[in-house]
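Coordinate inspection notes
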Amino acid sequence: MNSEVWVFDLEGTLTTGETWKGIARWLRLAGRGKAYRSFFNAHLPGALLAKAGLINKRNYQNKWMRDLARLLAGFSCADLEEMSAWVLEHELWTQRRSDVLRELRQGLADGARVVLASGTYEPVLRAFAAAISPQVEFLGTPLVCAGGKASGELSGPVNVGTEKARRVREYLGGQPQRAYGDTYPDRNLLLMAHQPVAVYPDPALRRLALRNHWRILEAAGGVEK
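Model, not experiment: these values are computed from the prediction.

With respect to helix H4 (residues 77-92)
- Those residues of H4 not exposed but buried are Leu-80, Met-83, Ser-84, Trp-86, Val-87, Leu-88, Glu-91 and Leu-92.
- Buried residues in H4 make contact with helix H1 (19-29), helix H6 (122-132), strand S4 (143-146) and strand S5 (149-154).

Pasting the structure below:
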């Protein structure tokens, strides 16, 4: 019996779609377009500073995730499930990486345990996992939904970087056999795997992968380099 555990990041790894973009479109359809425009205009200057490297990009992305969650306050827990299904269908699944998904499915077929670990809000990550297989497990950024309503708060840190690696280790009670990620902050997850895989890596992760002789998965059909 295969006892391997494979852990996959989501955005940039299994899909080129972005959860925040899907949520922005859904909020407009749900009648909160004005609130989203105010949010976007207030956060745009910081996003530009982060993009230019003048402030810490990861810290600002985490702030964006925390503040965006506040726009979900008052929606029912059922609304969040509806939102997640919509974001999956219209943003994430349409831009899925078929080569990486093919490898994931082969792992499942061979008996590997597969876990998605992402900064994506957990209801959205759950929807993506279910679209692949009910066997796929998930660890995302948790949203507070109590008494049938979303509070607009997170029940824990954004699940990225060292936090993602910590949660994966705690959840598994050890190290995964394989880990897949696309950005330098994913190095924390990849470094603890027996077989790290850099997927369409950003420049910093590419340098690290080449230096450490990690496998790189990219290009049409998942060509290995």
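Topic: H1
- Within H1, the full set of buried residues consists of Thr-19, Gly-22, Ile-23, Ala-24, Trp-26 and Leu-27.
- Among the residues trailing H1, Gly-31 stands out with phi positive, at a value near 90°.

As for a nonpolar patch on the surface
- Together, Leu-49, Leu-54 and Ile-55 line one region of the surface with nonpolar side chains, adding up to about 270 Å² of accessible area.
- Relative to the elements of secondary structure, Leu-49 occurs in helix H2 (residues 33-51).

Things to note about the packing of H2 against helix H3 (residues 57-69)
- Closest axis-to-axis distance for the H2/H3 pair is 10 Å, and the angle between their directions is 170°. It follows from the interaxial angle that H2 and H3 lie roughly antiparallel. Judged by residue contacts, Tyr-36, Phe-39, Phe-40, His-43, Gly-46, Ala-47 and Ala-50 of H2 engage Lys-57, Tyr-60, Lys-63, Trp-64, Asp-67 and Leu-68 from H3.
- For the contact of H2 with H3, a count of residues per class yields eight nonpolar, two polar and three charged.

As for the side chain of Asn-62
- Topologically, Asn-62 is positioned in helix H3.
- Filtering out sequence-adjacent residues up to four positions away, Asn-62 remains in contact with Val-158 and Val-160.

Quick notes on the packing of H1 against H2
- The geometry of H1 relative to H2 is characterised by a closest axis approach of 7 Å and an angle of 140° between their N-to-C directions. The angle between H1 and H2 places the two elements in the oblique class. Listed contacts from H2 to Trp-20, Ala-24, Leu-27 and Arg-28 of H1 are Gly-33, Tyr-36 and Phe-40.
- Looking at side-chain class alone, the contact of H1 with H2 contains five nonpolar, one polar and one charged residues.

What about the state of the cysteines?
- Summed over the entire model, instances satisfying the criterion amount to one disulfide.
- Disulfide pairing places Cys-77 opposite Cys-145 at an S-S distance of 2.0 Å. When the S-S torsion is -120°, as for the bridge of Cys-77 with Cys-145, the disulfide is left-handed. Pair noted here: Cys-77 is in helix H4 and Cys-145 is in strand S4, with a separation of 68 residues, a long-range link.
- Residue class for Cys-77 comes out partly exposed when judged on its relative accessible area of 25%.

Section: unusual backbone geometry
- Even without a glycine there, the phi angle at Tyr-200 is positive, about 40°.
- Following the sequence through the fold, Tyr-200 ends up in the loop between strand S7 (195-199) and helix H9 (203-212).
- Tyr-200 sits in the partly exposed class, given a relative accessible area of 24%.
- Even without being a glycine, His-213 presents a positive backbone phi close to 60°.

Overview of the packing of aromatic side chains
- By the definition in use, this model includes nine aromatic pairs.
- Where Trp-20 meets Trp-64, the ring centres are 5.3 Å apart and the plane angle is 70°; that geometry is what we call edge-to-face. Placement of the pair is Trp-20 in helix H1 and Trp-64 in helix H3, with a sequence separation of 44 residues.
- What makes Trp-64 buried here is its relative accessible area of 10%.
- Each ring, one from Phe-39 and one from Trp-64, has its centre 5.1 Å from the other, and the planes form 80°; the classification is edge-to-face.

What to know about the pairing of strand S1 (residues 5-8)
- Burial of the side chains of S1 extends over both faces: Val-5 and Val-7 are buried on one face and Trp-6 and Phe-8 on the other.
- Two strands pair when backbone bridges link them, and S1 and strand S2 (residues 113-121) are joined in this way by four bridges, in the parallel orientation. Within the sheet, the bridge partner assigned to Trp-6 lies in S2 and is Val-114.
- Pairing analysis gives three bridges linking S1 to strand S6 (residues 178-181), with the strands arranged parallel. What sits directly across from Val-7, in S6, is Ala-179.

What counts and how
- Residues numbered from 1 in each chain as written.
- Predicted model: local features only at pLDDT ≥ 70, side-chain atom pairs only at ≥ 80, totals over all residues.
- Heavy atoms only, no water.
- Buried < 20%, exposed > 50% of the residue type's maximum accessible area, 1.4 Å probe, protein only.
- Helix = DSSP H or I, 4+ residues; strand = E, 2+ residues; numbered from the N terminus.
- Contact = heavy atoms within 4.5 Å.
- Patch = residues over 30% accessible without salt bridge, like charges linked within 9 Å, V, L, I, M, F, W, Y side chains within 5 Å.
- Areas by Shrake-Rupley, 256 points an atom, 1.4 Å probe, with all protein chains shown as cover.
- Salt bridge = Lys/Arg side-chain N within 4 Å of Asp/Glu carboxyl O.
- Axes fitted to C-alpha atoms, helices over the stretch in contact; angles between N-to-C directions.
- Parallel < 35°, antiparallel > 145°, perpendicular 65-115°, else oblique.
- Nonpolar A, V, L, I, M, F, W, Y, C, P; charged D, E, K, R; others polar.
- Disulfide = S-S within 2.5 Å.
- Phe/Tyr/Trp six-rings, centres within 6.5 Å; stacked < 30°, edge-to-face > 60°.
- Pairing = 2+ DSSP bridges.

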